[in-house]
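# Descriptive structure summary
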Amino acid sequence: KNTRHTHPPLTFQSKNRILNMPSGSFLSYLIGAATAVGGSIGYYKASSVPSLVSGLGFGLGFAVAGLLIDNGQRSKGFWTAFGLSIVLGLVMGNKFINSGKIMPSGILTVLSAYSVYFYYDRLTYV
């Protein structure tokens, strides 16, 4: 007997394309956009090249994960997003502990922690 459960689809019919995205890709695109914008703001405010490079790098990585999920390669996309979420959470968690600043490190730490949980959950059903 197969005891493995499957997730019900988290999408519903809507005229809004974002709401019809397969489960998982929206979160990946959201974190990708947040890191890319955050890195750009860090560069603009403090001329921080590391912020720009890491923000755009993580943004690109999460965008690729979202595209993989959207194009039927859910397992690869979930693993990519899961790995990126762990690394981002560790980096931003360390920055948050050292600086105590909620923006951006605290927010990205919480978002990464949720993302790790979310993608781990999805990986158990792929």
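You'll find the structure just up there.
This report concerns the structure included in the present document.

The rules we used
- Numbering of residues starts from 1 in every chain and runs along the sequence as written.
- Residue-level local features of this predicted model are given only where pLDDT is at least 70; pairs of side-chain atoms are given and counted only at 80 or more, and the full residue set underlies all totals for whole chains, interfaces and linings.
- Note that the side-chain values use all heavy atoms of the structure and ignore hydrogens as well as water.
- Strands are runs of DSSP state E lasting at least 2 residues, helices are runs of H or I lasting at least 4, and numbering of each runs from the N terminus.
- Residue exposure (1.4 Å probe, protein chains only): buried if accessible area is under 20% of the type maximum, exposed if over 50%, otherwise partly exposed.
- Whether two residues are in contact is decided by their heavy atoms, any of which lying within 4.5 Å being enough.
- Between rings of Phe, Tyr and Trp, where Trp is taken as its six-membered ring, a pair exists when centres lie within 6.5 Å; planes separated by under 30 degrees are stacked, by over 60 edge-to-face, and by other angles tilted.
- Expected span, for any helix, means 1.5 Å times one less than how many residues it has.

Here the focus is the environment of G89. Within the element layout of this structure, G89 appears in helix 3 (residues 74-99). Judged by its relative accessible area of 18%, G89 is buried. Residues G89 and L111 lie 22 residues apart in sequence; the distance between their C-alpha atoms is 8.1 Å. Excluding anything up to four places from it in sequence, G89 contacts T109 and S112.

Here we take up the packing of aromatic side chains. Under the definition given, this model contains six aromatic pairs. Relative to F118, the ring of Y114 has its centre 6.0 Å away and its plane inclined at 35 degrees; by these criteria the two rings are tilted. Of the two residues, Y114 and F118 are both situated in helix 4 (residues 102-123); the distance of four residues between them amounts to about one turn of the helix. Looking at F118, the relative accessible area reads 11%, which means it is buried. Of the aromatic side chains, those joined through ring pairs into one cluster are F78, Y114, Y117, F118 and Y119.

Turning our attention to helix 2 (residues 49-70). Relative to the 32 Å expected for 22 residues at 1.5 Å per residue, helix 2 spans 31 Å between its end C-alpha atoms, a close match to the ideal helical length. Of the residues making up helix 2, those classed as buried are S51, G55, F58, G59, G61, F62, A65, G66, L68 and I69. For helix 2, the elements touching its buried residues are helix 1 (25-46), helix 3 and helix 4. Of the residues one or two after helix 2, G72 is the one with positive phi, at around 85 degrees.

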